[in-house]
Amino acid sequence: MCGIIGFTGYLETKNVLLEGLAALEYRGYDSAGIAFFHNDTINTIKTTGKVSSLIDKVAISADVSSTCGIGHTRWATHGGVSDTNSHPHTFGKVTLIHNGIIENYHELEMEMAALGKFPVSQTDTEIAATLIDSYYEGDAITAIKKAVVRLEGAYAFCILFADEPEVIYCLRNGSPLVACHAKEGSVIASDMVALIKYSREYFVLPELHIARLTKENITVTDLNDNVFTPKMLYVNWDVTAAQKGGYPHYMLKEIHEQPESLRSTIMPRVKNKQLPDFTADGIPDRIFDGINRIIIAACGTAMHAGLVGRVMMEKLLRIPVTVEIASEFRYQDPIIDKNTLLITISQSGETADTLAALRLANEHQATTLSIVNVKGSSIARESDYVLYTHAGPEIAVASTKAYTAQLSCLYLIAYHFALIRGTITEAQCITYTKQLQSVIPAVEKTLNLAEDINKICINLADKEDLFFIGRGLDYALSCEGSIKLKEVSYIHSEAYAAGELKHGTLSLVTEGIPVIALATQTKVYNKMISNIREVRARNAFVILITNGDCKVDASIFDYHITLPELADNMAPFTAAVVLQLLAYYTSVHRGLNVDQPRNLAKSVTVE
Ligand code: AGP
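Residues numbered from 1 in each chain as written. Predicted model: local features only at pLDDT ≥ 70, side-chain atom pairs only at ≥ 80, totals over all residues. Heavy atoms only, no water.

By the criterion of burial, strand 9 (residues 178-182) is predominantly enclosed, with 4 of the 5 residues buried. Relative to strand 10 (residues 185-189), strand 9 runs antiparallel, the two being bridged by 5 bridges. Within strand 10, the residue paired with Cys180 across the bridge is Val187. Linking strand 9 to strand 10, which pair antiparallel, is a turn of 2 residues. Pairing between strand 9 and strand 11 (residues 201-204): 2 bridges, direction antiparallel. Following the sheet pairing, Val178 is matched in strand 11 by Val204. (Buried < 20%, exposed > 50% of the residue type's maximum accessible area, 1.4 Å probe, protein only. Helix = DSSP H or I, 4+ residues; strand = E, 2+ residues; numbered from the N terminus. Pairing = 2+ DSSP bridges.)

So, about the site of the ligand. Around the ligand, a shell composed of 15 residues is seen, among which Ser346, Gln347, Ser348, Thr351 and Glu487 lie nearest. Between the ligand and the protein, one listed contact pairs an oxygen atom with a backbone N or O atom of Gln347 at 2.6 Å. The side chain of Glu487 places a nitrogen or oxygen atom 2.5 Å from an oxygen atom of the ligand. Surface burial for the ligand is 88%, taken as the share of its 410 Å² of free accessible area covered by protein chains. Sorting the residues of the shell around the ligand by element identifies helix 8 (300-317) and helix 15 (473-489) as the ones contributing at least two each. Looking at the shell around the ligand residue by residue, the class counts come to 6 nonpolar, 7 polar and 2 charged. (Near = heavy atom within 4 Å. Polar contact = N/O pair within 3.5 Å; in protein donor to acceptor, adjacent residues only side chain to side chain. Areas by Shrake-Rupley, 256 points an atom, 1.4 Å probe, with all protein chains shown as cover. Nonpolar A, V, L, I, M, F, W, Y, C, P; charged D, E, K, R; others polar.)

The next thing to look at is the packing of helix 12 (residues 401-421) against helix 13 (residues 426-446). Where helix 12 contacts helix 13, the axes come no closer than 9 Å and their chain directions differ by 170 degrees. Taken as axis vectors, helix 12 and helix 13 run roughly antiparallel relative to one another. Residues Ser408, Tyr411, Leu412, Tyr415 and Leu419 of helix 12 lie in contact with helix 13, whose contacting residues are Glu426, Cys429, Tyr432, Thr433 and Leu436. When the residues that make up the contact of helix 12 with helix 13 are grouped by side-chain class, the tally is 7 nonpolar, 2 polar and 1 charged. (Axes fitted to C-alpha atoms, helices over the stretch in contact; angles between N-to-C directions. Parallel < 35°, antiparallel > 145°, perpendicular 65-115°, else oblique. Contact = heavy atoms within 4.5 Å.)

Here we take up the domain arrangement of the chain. Quoted interface sizes are often the accessible area lost when the parts come together. We note that the domain assignment places domain 1 (3-241), domain 2 (244-437) and domain 3 (448-589) within the chain. Centre-to-centre, using C-alpha coordinates, domain 2 lies 26 Å away from domain 3. On the side of domain 3, 22 residues touch domain 2, which itself brings 28 residues to the contact. Here domain 2 and domain 3 share an interface that buries about 2,000 Å² over both sides, 72% of which is from carbon and sulfur atoms. Taken together, domain 2 and domain 3 are joined by 9 residue pairs in polar contact (both at pLDDT 80 or more). Within the residue set of the side of domain 2 that touches domain 3, elements represented by two or more residues are helix 6 (250-256), helix 7 (258-266), helix 8, helix 12 and helix 13. (Domains from an automatic or database assignment. Buried area = accessible area lost by both parts, 1.4 Å probe.)

Glancing now at helix 15. Taking 1.5 Å per residue, 17 residues should reach 24 Å; helix 15 reaches 24 Å between its end C-alpha atoms and fits that length. Extensive coverage of helix 15 is indicated by the burial of 14 of its 17 residues. Tyr490, located one to two residues past helix 15, shows a positive phi value of around 65 degrees. (Expected span 1.5 Å × (residues − 1).)

Time to look at helix 1 (residues 13-24). Here helix 1 is 12 residues long and its end C-alpha atoms lie 16 Å apart, about the 16 Å a rise of 1.5 Å per residue gives. Among all positions in helix 1, only Thr13, Lys14, Val16, Leu17, Leu18, Gly20, Leu21 and Leu24 are buried. Contact partners of the buried residues in helix 1: strand 1 (3-9), strand 2 (31-38), helix 2 (51-61), strand 4 (68-74) and strand 10.

Right, let's talk about the nonpolar core for a bit. Grouped together as the largest cluster of nonpolar side chains are 127 residues, with contacts concentrated most on Phe288 and Ile294. If we ignore the near neighbours within four places in the chain, the residues touching Ile294 are Phe288, Leu317, Ile319, Pro320, Val321, Thr322, Leu341 and Ile343. (Core = buried A, V, L, I, M, F, W, Y, C linked by side-chain atoms within 4.5 Å.)

Moving on, we come to the sheet that holds strand 21 (residues 367-372). The strand order across the open sheet formed by 5 strands is 19-18-20-21-22, and the pairing between neighbours is parallel. The open sheet has two edge strands, strand 19 (321-325) and strand 22 (385-388), and neither has a second partner. The average undirected angle you get between the axes of adjacent strands in this sheet is 20 degrees. Sheet topology note: the strand 20 (residues 340-346)/strand 21 ladder contains 6 bridges and is parallel. Following the sheet pairing, Ile345 is matched in strand 21 by Ile371. Strand contacts of helix 8: strand 18 (293-298), strand 19 and strand 20, with the helix running at about 170 degrees to strand 19, the strand carrying the most contacts.

Right, let's talk about the pairing of strand 12 (residues 209-213) for a bit. Burial of strand 12 is extensive: 4 of the 5 residues sit out of reach of the surface. Across 4 bridges, the pairing between strand 8 (residues 168-173) and strand 12 is antiparallel. Across the sheet, residue Leu171 finds its bridge partner in strand 12, namely Ile210. Pairing analysis gives 5 bridges linking strand 12 to strand 13 (residues 218-222), with the strands arranged antiparallel. Pairing of Leu213 across the sheet is with Ile218, part of strand 13.

Encoded structure:
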């Protein structure tokens, strides 16, 4: 949340910053701003609204050239959405942009007020600018280091000092910053999508290190002034992967990328097309030795992937598995010890609560394994082991391809380690692994249902409430269907274990209320059909989803979506695609901004 970019080099900075902000806009989009040097003076332009509003404002107000500057797109935390609260913030000689939260800002504000320094905005960020300025006596690094001691919370800063044109100072603690040096100059940003145009090689600025960017190079030092040589990373996608590629929205593009993202995530981990193998990932077979408990901790969609993974793991590994909402986890005094395996799941690898859960597990000497999409992200770096999803950049705020890629990793883990533990036979493992590979063409086929689903969604566009119901894996999936729909369509929706409906929620089912009923699991199929009859008896509008062409009494549904037939355990992959398309087209029919839903942002780096 909040997108940051800084550039110093040989190009027109305003263009670099505005382009970078457009790429980073999914991280926050209530206001945007840039600051840049022109004739050794810092110019700041900022506005509420989207980056497009900023582009318009820059076009009319800044016909001046520059080769060094910083830019920010905001997701408001402290202080409402206003021009004044937009970044960059300037105090004295310091102009900065910030991603994160300064938790002790109120105390610092009092302290600054006592010195006669009064910020003009309501943000925590301006206090950081004020504080750094208060320590500034001509040496930027000394001022930053003094401020670090005082600042509590998470932050990534890019800072311009009025006395040092063409130089950008950066610092991070908790919030991400990646940087590269290319022939065009030095670039730093909150994520790789803003850098990829210049280089595929980059590094992650380590926590509590200061980067000094000049046109010629980037130097990194720790807080004791030791020079640090960053480890270079390489992304295996290019600039086109982060563009819409002819689709009207990123979400639709990413839904359609799922056959490819599943192929890239699954196939390199299948040895001789038969058995899962994590040798290349560096995950040892002994990882489960002594483990008597698995905890999966994640947020939102990633947590929902964990719900599906839990079912598969417990069933095959015969080890108790719990799924924890990461933001709750560490406040519950959880039981974690060296016999615990903590699996964190995160697309961004930067989600603050998931990272905090991981750190807690590390403190308790648990073994930690992460399923992460972004290479070199904080969660990946701080885990004992990482299994990367190879989904490529996910730009839409609604997570789609990352979810199915996460599922595939969880399935591979369940299969491989169940075989190692002897809870399944090699023949079973081969069969399951084959079933998982069959998901790739099945997802491809499911995408052909897009037009039918689009038409069904016309019926949902004017609804205000909706239910998803399912049993077992279908219930886990319902949770994901529900968050996807509410996040992009703003329709209130709830996911219910179908058997639980009559214990309270059925009172909300009235004539015409949509119920999306997942009935893909043979074991509970008949029970599920009975539950559908219960809502149908209250005249609900039923959209039924089945695995393969089941013979169903046509009186119990309004629409029937038939998934390509797969083994029951594989149905979450194809059903997920249907639920994503339902959410997507409903949002489109409601005329909403699918990729940037209100109040949300990608990569939630605040707790
Ligand atoms: C997904 O559609 C959501 N926007 C959100 O729930 C997301 O999955 C969650 O914030 C976790 O993000 P992460 O995977 O980057 O950790």
